[in-house]
Amino acid sequence: AQTVTQSQPEMSVQEAETVTLSCTYDTSESDYYLFWYKQPPSRQMILVIRQEAYKQQNATENRFSVNFQKAAKSFSLKISDSQLGDAAMYFCAYWDGGSQGNLIFGKGTKLSVKP
Amino acid sequence: SQTIHQWPATLVQPVGSPLSLECTVEGTSNPNLYWYRQAAGRGLQLLFYSVGIGQISSEVPQNLSASRPQDRQFILSSKKLLLSDSGFYLCAWTGATGELFFGEGSRLTVL
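So, a few notes on the structure that sits alongside this text. (Residues numbered from 1 in each chain as written. Chains lettered and ligands numbered in written order. Predicted model: local features only at pLDDT ≥ 70, side-chain atom pairs only at ≥ 80, totals over all residues. Heavy atoms only, no water.)

## What about unusual backbone geometry?
Comment: phi is negative for the bulk of residues other than glycine, and the bulk of peptide bonds are trans. Let me state the cut-off plainly: A run of H or I in DSSP counts as a helix once it spans at least four residues, and a run of E counts as a strand once it spans at least two, with each numbered from the N terminus. Accessible area is worked out with a 1.4 Å probe on protein chains only. A residue is then buried under 20% of its type maximum, exposed over 50%, and partly exposed in between.
In the segment running from Trp7(B) into Pro8(B), the intervening peptide bond is cis, with an omega of 0°. Along the chain, Pro8(B) falls in the loop between β1 (3-7) and β2 (10-13). Even without being a glycine, Asp81(A) presents a positive backbone phi close to 50°. Relative to the helices and strands, Asp81(A) resides in the loop between β9 (74-79) and β10 (88-95). Overall, Asp81(A) belongs to the partly exposed group, its relative accessible area being 40%. Unusually for a residue other than glycine, Asn30(B) sits at a positive phi of about 50°. Assessed through its relative accessible area of 49%, Asn30(B) is described here as partly exposed.

Printed below as a string of structure tokens:
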């Protein structure tokens, strides 16, 4: 069965600095999708970035980028120029491409941003 | 553009009482819809998904049920709530490439 592991329950970063959140996953599939979601205190889950496994190029979305290492089954999120509004829970998620859209989520990393 | 709404945002219910959480999607037709639960300190757990009217699949057997009476309406229900049903419930629909788009969430506290 596929699993997603986020080994850092909490992280902290200084405003304007860079932070990397770790995510590893386990799968026997060759084609799949990976996502990072942000859940601020308002609790609504927001999609931050997505990566297709068949693409070698790492996805980038403004200040957010990923380091996708397929062989190592690693999918880390880098946040550059951290802002106070980046403080939130961050969830890594895996999807095997099945029609039912059953994403497997990690347990999350709580990111704090210090002014 | 597509939007998704769910209500109520917050609910406090006694043990044994019924539950109804509603979710509606606008701006799309025949969406795949999902109910997830997020318990304190844990990730998200898929409870139900629906690919069309009247079509419900359950991922986890439990005290809850779901229904889809209309194309863009998804309802989560219970006849008798348990303490363990407390949590944050999220409705979602899938985009063309598998990503989930979530509603605002409903916080349920069972006392």
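After that view, the rundown keeps rolling.
## Concerning the packing of aromatic side chains
Put simply, the test is: Any two rings among Phe, Tyr and Trp, with Trp reduced to its six-membered ring, count as a pair given centres within 6.5 Å; such a pair is stacked if its planes are under 30 degrees apart, edge-to-face if over 60, and tilted if neither.
Applying the stated criterion across every chain yields a total of 15 aromatic pairs over all chains. When the centroid spacing of 6.3 Å and the interplanar angle of 65° are considered together, the rings of Phe105(A) and Phe102(B) count as edge-to-face. Here the residue Phe105(A) occupies a position in strand β11 (residues 104-105), and Phe102(B) occupies one in strand β10 (residues 100-102), the pair thus bridging two chains. A relative accessible area of 8% means that Phe105(A) is categorised as buried. Among the aromatic residues, those joined into a ring-pair cluster are Phe35(A), Tyr37(A), Phe105(A), Tyr36(B) and Phe102(B).

## Considering the interface of chain B and chain A
Inclusion rule: By definition in these notes, contact holds between two residues if any of their heavy atoms fall within 4.5 Å. By convention, the term buried area covers the 1.4 Å-probe accessible surface removed from two parts as they join, with the contributions of both added. For this document, the term salt bridge refers to a Lys or Arg side-chain nitrogen within 4 Å of an Asp or Glu carboxyl oxygen. Under the scheme applied here, ten amino acids are nonpolar (Ala, Val, Leu, Ile, Met, Phe, Trp, Tyr, Cys and Pro), four are charged (Asp, Glu, Lys and Arg), and all others, including Gly, are polar.
Opposite the 21 residues of chain B that make contact, chain A presents 20 residues. Buried surface at the junction of chain B and chain A, summed over both partners, amounts to about 1700 Å²; 54% is from carbon and sulfur atoms. Our count for the chain B to chain A interface comes out at 1 salt bridge. Residue Arg50(A) pairs with Glu99(B) through a salt bridge whose shortest N-O separation is 3.7 Å. Of all the secondary-structure elements, those providing two or more residues to the side of chain B that touches chain A are β4 (33-38), β5 (44-52), β9 (87-94) and β10 of chain B. When its residues are assigned to classes, the side of chain B that touches chain A shows 9 nonpolar, 7 polar and 5 charged.

## With respect to the environment of Thr5(A)
Positionally, Thr5(A) belongs in strand β1 (residues 3-5). Ignoring sequence-local partners within four residues, the contact set of Thr5(A) consists of Ser22(A), Cys23(A) and Thr24(A).

## Observations regarding the nonpolar core
Operational definition: As used here, the term nonpolar core means buried Ala, Val, Leu, Ile, Met, Phe, Trp, Tyr and Cys residues forming a set that is joined through side-chain atoms within 4.5 Å.
In terms of nonpolar packing, the biggest core is built from 25 residues, with Tyr25(A), Trp36(A), Phe75(A), Leu77(A) and Tyr90(A) touching the most fellow members. Ignoring any residue separated from it by four or fewer positions in sequence, one finds Phe75(A) in contact with Cys23(A), Tyr25(A), Leu34(A), Phe35(A), Trp36(A), Gln51(A), Val66(A), Asn67(A), Phe68(A) and Cys92(A). Counting 20 residues, the second-largest nonpolar core is a separate cluster that includes Val25(B), Leu33(B), Leu47(B) and Leu108(B).

## A few points about the state of the cysteines
Residue and element names in this part refer to chain B. Operational definition: Here, a disulfide means two cysteine sulfur atoms that sit within 2.5 Å of each other.
Summed over the entire model, instances satisfying the criterion amount to 2 disulfides over all chains. Paired through a disulfide, Cys23 and Cys91 show a sulfur-sulfur distance of 1.9 Å. Taking the sign of the S-S torsion, -75° for the link of Cys23 and Cys91, the bridge is left-handed. Placement of Cys23 in strand β3 (residues 19-26) and of Cys91 in strand β9 is noted, with a sequence separation of 68 residues between them. Given a relative accessible area of 0%, Cys23 falls into the buried group.

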